[in-house]
Amino acid sequence: MSTILFWSPIKGASGSSSLAAAIAITIGNLYRGRLLLTHLGRRYTGIESGLPIQEYGMDDPTLQLQEGGWDAAARLVLRGTLSKENIRNYTTPVLEHTLDVLEGTSSFGAAPPLLSPGLVRAVIDTANQYYDLTLIDAGSGAGWGAVQHEACARAKLAVLSLTQNMRELDAYFESVSPLSTYSSLPLLIVLGKYDVHSQVNETNIRRRYGYKGALYTVPYNTGFMDAWNRRDVIGHVQREVRGGKGQHRKLFMPVGWAQSIRHISKAILEAAESDLRLKALERGA
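Chemist: Explain the sheet that holds strand β5 (residues 133-140) to me, please; I cannot follow it from the model alone.
Modeler: The strands that make up a sheet pair up through hydrogen bonds in the backbone, lying either parallel or antiparallel. Pairing is mixed across the open sheet formed by eight strands, whose spatial order is β3-β4-β2-β5-β1-β6-β7-β8. Lying at the two open borders of the sheet, with one neighbouring strand each, are β3 (92-95) and β8 (214-219). Within this sheet the neighbouring strands show an average axis-to-axis angle of 25°, counted without direction. Summarising the sheet, β3 and strand β4 (residues 99-102) pair through three bridges and their orientation is antiparallel. Considered in β4, the bridge of Leu95 is made with Leu99. Contacts between helix α1 (residues 16-30) and the sheet are confined to β1 (2-8), β2 (35-39), β3, β4, β5, β6 (157-162), β7 (187-194) and β8, with β5 contributing the most and set at about 170° to the helix.

Chemist: Whenever I open this one, the nonpolar core confuses me. Can you help?
Modeler: Considering soluble globular proteins, one finds that nonpolar side chains tend to be buried as a cluster. The biggest cluster of nonpolar side chains holds 44 residues, and the ones touching the most others in it are Leu5, Leu40, Trp70, Val123, Leu162 and Leu169. Examining the composition of this core, we find that six residues originate from one element, helix α3 (residues 117-130), more than from any other. The residues contacting Trp70, other than those within four sequence positions of it, are Thr38, His39, Leu40, Leu102, Glu103, Gly104, Thr105, Leu115, Leu119, Val120 and Val123. Ala20, Leu37, Leu135 and Trp228 belong to the second-largest nonpolar core, a separate cluster that totals 43 residues.

Chemist: Help me out: how do you make sense of the packing of helix α7 (residues 222-229) against helix α8 (residues 233-243) in this one?
Modeler: Each pair of packed helices gets described by two things: the angle between the helix axes and the distance between those axes. The contact between α7 and α8 brings their axes to 8 Å, and the two run at 150°. With respect to each other, α7 and α8 are oriented roughly antiparallel. Only Val233, His236 and Val237 of α8 make contact with α7, whose side of the interface consists of Gly223, Phe224, Ala227 and Trp228.

Chemist: Just to check I follow, could you spell out the packing of helix α5 (residues 166-173) against helix α6 (residues 202-209) for this structure?
Modeler: Interaxial distance between α5 and α6 falls to 11 Å at its minimum, and their mutual angle equals 40°. Our classification of the angle between α5 and α6 gives oblique. Taken as a pair, α5 and α6 cross one another with a handedness that is right-handed. Counting all contacts with α5, which are made through Met166, Leu169, Asp170 and Phe173, the residues of α6 involved are Ile205, Arg208 and Tyr209. For the contact of α5 with α6, a count of residues per class yields five nonpolar, no polar and two charged.

Parameters and conventions
Along each chain, residue indices are assigned from 1 in the same order as the chain's sequence is written. Predicted model: local features are reported for residues with pLDDT of at least 70 only, side-chain atom pairs are reported and counted for 80 or more only, and whole-chain, interface and lining totals are derived from all residues. Remark: hydrogens and water are excluded; side-chain values derive from all non-hydrogen atoms of the structure. Strand pairing follows a simple DSSP-based rule, namely that at least 2 bridges must link the two strands. Secondary structure elements are taken from DSSP: a helix is a run of H or I of four residues or more, a strand is a run of E of two residues or more, and numbering for both begins at the N terminus. Inter-axis angles, ranging from 0 to 180 degrees, are taken between N-to-C directions of lines fitted to C-alpha atoms, where helices are fitted over the stretch in contact. For this analysis, residues touch if any pair of their heavy atoms sits within 4.5 Å. Remark: nonpolar core denotes a set of buried residues (Ala, Val, Leu, Ile, Met, Phe, Trp, Tyr, Cys) joined through side-chain atoms within 4.5 Å. For each residue, the accessible area found with a 1.4 Å probe, counting protein chains only, is set against the maximum for its type, and the residue is called buried under 20%, exposed over 50%, and partly exposed in between. The labels follow the angle: roughly parallel below 35 degrees, roughly antiparallel above 145, roughly perpendicular from 65 to 115, and oblique for the rest. For a crossing to be left-handed, the near helix must be turned anticlockwise from the far one by less than a right angle; the clockwise case is right-handed. Following the grouping adopted for this structure description, the nonpolar residues are Ala, Val, Leu, Ile, Met, Phe, Trp, Tyr, Cys and Pro, the charged ones are Asp, Glu, Lys and Arg, and the polar ones are all others, Gly among them.

Take a look at the structure:
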């Protein structure tokens, strides 16, 4: 019913993909509904890097034509047969009956299928007929193509990942962002790998740039990064967001990673409250 776009103007280690994955798994654990997580890159990159999705080498003798992901969706769109009844058949379930992943385009072959605005439009529109929430990792870097613009045009909310690097903050706030084209699109900024002791804190960032919009922070979490490297993000997030839900934070104690992720997840659902099914999901969490 609703599409959420994750993006960062910072090329590389901005944490946008890991944030998208953590949010999707958190919502899948704490709310009832059908969720789709996908990205606009090649297989095994982006959000897939931290998930237990099998990766094959180029010389693997068992390698066959991929039957799922964006490649399969592209074939169905060309045939005019992609529908809300069959889209889930071409995804990878990562949380049973809750969260599916639509994998990226094939990394194999001399000319792998490329995404197009028309394909992205068809897949998102079809996904929103079946899933309650579609989360898209649009990648990172200031240079947007037609595919990113198409995904953003169909989103109800954009989640922007930044860091406490002053050069990167200056570059974002003092330049024209691709998101500026969509002035009516709600924007939620997240400062990842957040150091509460840094002078570049939330208060000073707001003051320096005169920013009055939604701004959240996620502290650096060694356990999460280790889990990402092990492709065990699902297990880590499940333990963190479920195990810490009832814990009370002492006065002046920094907000923990799990609490931050839950807080942002709730804010995302609230931003998409026009979808009545999502409202019902939150009340039933």
